Amino acid sequence: MNPSSLKAKQLHQTDSGHSHPDMEEMRTFGFWIYLMTDIMIFGTFFATYIVLRHNTNGGPGPADLFDLNGVILSTFLLLTSSYTCGLAVLAMNKGKKQALIGWLAVTAILGAIFIGLEINEFAHMVHEGATISRSAFLSAFYTLVGTHGLHVTIGLVWMIALMIQLSSKGITPVTKRKVNVISLFWHFLDVVWIFVFTVVYLMGVN
Amino acid sequence: MFDQIKEFASGFFVTGDPLIYGADVSILLVTAAIIFTLTYFKKWRWLWREWLTSVDHKKIGIMYILAAFLMMFRGGVDALLMRAQLAIPGADFLQPDHYNEVFTTHGVIMILFMAMPFMFGLFNIIVPLQIGARDVAYPILNSLSFWLFFAGAMLFNLSFVIGGSPDAGWLAYPPYSELMYNPGVGQDFYIWGIQISGIGSLMTGINFLVTILKMRAPGMKLMKMPLFPWSVLSSCIAIIFSFPILTATLALLFLDRYAGAHFFTLDGGGNPMMYINLIWMWGHPEVYIIVLPAFGIFSEIVSTFSRKKLFGYQSMVYAMIIISVLSFLVWAHHFFTMGSGAGVNTFFALSTMLIAIPTGVKVFNWLFTMFRGRITVKTPMLWTIGFIPCFIVGGLTGVLLSVAPADFQFHNSYFLIAHFHQVIIGGVIFGYFAGLYYWWPKMFGFTLNEHIGKWAFWFWNIGFYACFMPQYVLGLMGMTRRVVSYGWDKGWWPLNFVSTIGAALMGIAFVLQVWQIIHGVKHYRKNLDTTGDPWDGRTLEWSIPSPAPHYNFAVLPQVEELDDWWEKKQRGVHKQLNNIAEEKLEPIHMPKNSGMPIIMAGCWFLAGFGFVFHWLWLTIPGLAGVAICMLAHSFNYDTDYYIPVKEIKETEAALRKVTIS
Ligand code: HEM
Ligand SMILES: [Cu+2]
């Protein structure tokens, strides 16, 4: 950054809020709207699943496939990770960079274990012949749960990228907004998972 | 070895049809010509810096509109091919399978790759100017949206010469679009072309919603905002709720075809009817997404050229919002005949008819605005006036179609074809033309030749009625849509012949418009818009020079009233605004150019192409490229800069031909 633009930046910071909207706040707002579109996507997949869940085509159904204990463990991990993500934001608001990065790391590790368990579950099912092409029920199952898993995976990559940025830039308005946004995303995925847990697993087994 | 290559090529490239060889040759020639010209005049750097990586919303808008015109040409040629085939009974100019491809690509291109980008182009150019903003909320995302649209459109168009075109209709109903009945790659081109550009559209929806909600000039309350941004807002709300459904639905169809899933197949427990529900939950709002902004444009033009405040401003706003909500509740009128039962059909018939009420309100408001106004009929106004009768007839036939029992008769007939072309051409396309003529001077700094414009208008209109009015009758006589040919004994041919002549007249009209633009560029010096306000306009975009400087407003306007610029002109205070004094200027915060969007869209294109041909060796690097682009963007903190006061001063002085103290 050259001196003149540095000066301009300071100038800008002193008068921010008057002449143009707060960029960081606007980006967070946009992310909320993005989340609404994601709700629509998940909503479509949920609706599909509900319509097709009895169409097992003579193949295995929910009760034959799901292991509730494993799923409860996954759910517990994801809920905890949402909590640690909240702790990360708290640390950030107190200006504690190390604690922030630390809690994000814990969150990411919990998320990674969650993904590992999911991959394991899928592999197990595929091994037993319950593949995506076996029945409409299974197509809908893999798509719904897999989309959630894909979101979590993307969140993980993003979180790691953010931890690197935090360690080099520290807590600035920009990194602050990024942390806020990813924590929104993470809590959102948690909520979606609760629906998955209820609609797919609990209602499937009972 | 050579034989292997030959075998591959004969499956890869579409062969056998002289039309397609012609296209191959012309694509190669045009590409070579472009590369040669750019290299010869050493314009590559200029192209990259000024256009391809630009995040200026006005330039992005111009690129959208240029692309839309190219696509209108392609879709129009498709239309003429079909009409040529249907002109005379028993013609075998197009074979049935080719005819299927032509109506499918025509529909997809016209709606998704012509109307949508045309609309987004107008959003981009005008919305920030009308709300007194310097940019959109997310400039880089905006550029990414454009390039995703472009990548998707190119991918889709490629199917014409590589692999083969889709042929399952513009909405690709299963089971016909399933692998079992449609094993080629055409349907996969359809899925990925639309998917990639659809993500771009969704992001544009988010971008403009936030822009309008958050970036209005100081003092511009929502109820002081011009109607065009209102129409954009309602259209964006519909985009945000409907495009994710499209994304999800195409993903499911893709999984059926690619991974052997059973969402919509006839076997394995799948349910094709579910696709039809889902696709129309997007498809119906989609038609309102494209027509609402046209309503906004007409509102602006009617009040400017009648020299009057728009009649019933508030009712216009509510009408648009109601339409965008209702558009989600009517989707099932597209399959009244598919056995949903009387109760369901009644609900959807009534909700469909309800939409006629707010729409009628709008038409009356436009008429009342003109009533006792001082009307001048320049081309933008001409299109607006031409739109009204066309839209009234289209709307009435729509109400006829919404009567469920009647639909059992009209369903899938030429009556339907005539109806939706009437609302889409008469409402959407006429509206965008009106907007293009209206804002052309703001975009380029010169006005277009009115004389040629009027000829084009009359050719479009006479051609339109000649083409589509006979089709209502044909529909009642029993001619169904998507038929490739019919016999002499049906008695359909005179009307079909007239219809084809009408289509040709519209083709001529399009050529006239292209000529009008070329003519305008050639003689632009004679038609310079030196005032920045050639129509004596009412809204903020007319308060700045034409074409607008890249930061739009040297000093952000302070808005007090609806039609603020007009009111300021009435009070004579606008002159002071033109005298931008140095002390009011501050350095302007602007986004830097970015190469990320075009590179990322290129990666999507490769990934999509790989998916179409099941080439994971291409898909995986493509998707990896997408991820790398995102990460690179996340790590880039150097995205903006400040325009120094001195530069603003010089730019303003040059544009306004004054010196600034
Ligand atoms: C400008 C003159 C136009 C002519 C002469 C024309 C003509 C036609 C014809 C002949 C068909 C096929 C009917 C059939 O065999 O089923 C058709 C279908 C269609 N057109 Fe156009 N069209 C024009 C403009 C447009 C525009 C501007 C749009 C949209 C923005 C549009 C959207 C469609 C759609 C969605 C279909 C249905 C395709 C399908 O059946 O899957 N057309 N048009
Ligand atoms: Cu509809």
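I will try to describe carefully the structure that is included in this document. (Residues numbered from 1 in each chain as written. Chains lettered and ligands numbered in written order. Predicted model: local features only at pLDDT ≥ 70, side-chain atom pairs only at ≥ 80, totals over all residues. Heavy atoms only, no water.)

Below, the discussion takes up the pattern of salt bridges. Counted under the stated rule, the structure contains 17 salt bridges over all chains. Across the pair B:Glu561 and B:Arg571 runs a salt bridge, and its minimum N-O distance is 3.3 Å. You can see B:Glu561 sitting in the loop between α16 (493-522) and α17 (564-571) and its partner B:Arg571 sitting in helix α17, a full ten residues away along the chain. A relative accessible area of 30% places B:Glu561 in the partly exposed class. When the shortest N-O distance is used, the salt bridge between B:Glu650 and B:Lys646 registers 3.4 Å. Of the two residues, B:Glu650 and B:Lys646 are both situated in helix α21 (residues 645-656); the distance of four residues between them amounts to about one turn of the helix. On the basis of relative accessible area, B:Glu650 is assigned to the partly exposed category, the value being 46%. Salt bridges here are not isolated pairs; linked through shared partners, they connect A:Glu24, A:Arg27 and A:Arg177. (Salt bridge = Lys/Arg side-chain N within 4 Å of Asp/Glu carboxyl O. Helix = DSSP H or I, 4+ residues; strand = E, 2+ residues; numbered from the N terminus. Buried < 20%, exposed > 50% of the residue type's maximum accessible area, 1.4 Å probe, protein only.)

Another point: the coordination of the copper ion (ligand 2). Geometrically, a metal with four donors at the corners of a regular tetrahedron has ideal angles of 109.5 degrees, and one with six donors at the corners of a regular octahedron has ideal angles of 90 or 180 degrees. Residue and element names in this part refer to chain B. The copper ion (ligand 2) binds to the protein through His284 (ND1), His333 (NE2) and His334 (NE2), with metal-donor distances spanning 1.6 to 2.0 Å. Donor residues for the copper ion (ligand 2) sit on one chain with the sequence pattern H-x48-H-H. Separated by 49 residues along the polypeptide, histidine 284 in helix α9 (residues 272-306) and histidine 333 in the loop between α10 (313-326) and α11 (342-370) bring together distant segments of the chain. Here histidine 284 falls in the buried class, since its relative accessible area comes to 5%. What makes histidine 333 buried here is its relative accessible area of 14%. (Donors = N, O, S within 2.8 Å, 3.2 Å for Na, K, Ca; no water.)

Okay, the side chain of B:Thr304 next. Residue and element names in this part refer to chain B. One can find threonine 304 in helix α9. Its relative accessible area of 2% is what places threonine 304 among the buried residues. Excluding residues that lie within four positions of it along the chain, threonine 304 makes contacts with Tyr438, Trp535, Asp536, Gly537 and Arg538. (Contact = heavy atoms within 4.5 Å.)

Before going further, it helps to spend a moment on the interface of chain A and chain B. Between chain A and chain B, the contact holds 43 residues from the first and 39 residues from the second. When chain A packs against chain B, the two sides together hide about 3,400 Å² of surface, and 73% of this comes from carbon and sulfur. Summed over the shared surface of chain A and chain B, the result is one salt bridge. Of the charged contacts, one joins B:Lys214 and A:Glu25 as a salt bridge, the two residues approaching to 3.1 Å between their closest N and O atoms. Within the residue set of the side of chain A that touches chain B, elements represented by two or more residues are α1 (3-15), α2 (23-52), α6 (136-169) and α7 (173-205) of chain A. (Buried area = accessible area lost by both parts, 1.4 Å probe.)

These results come straight from atomic positions and should not be treated as a statement about function.
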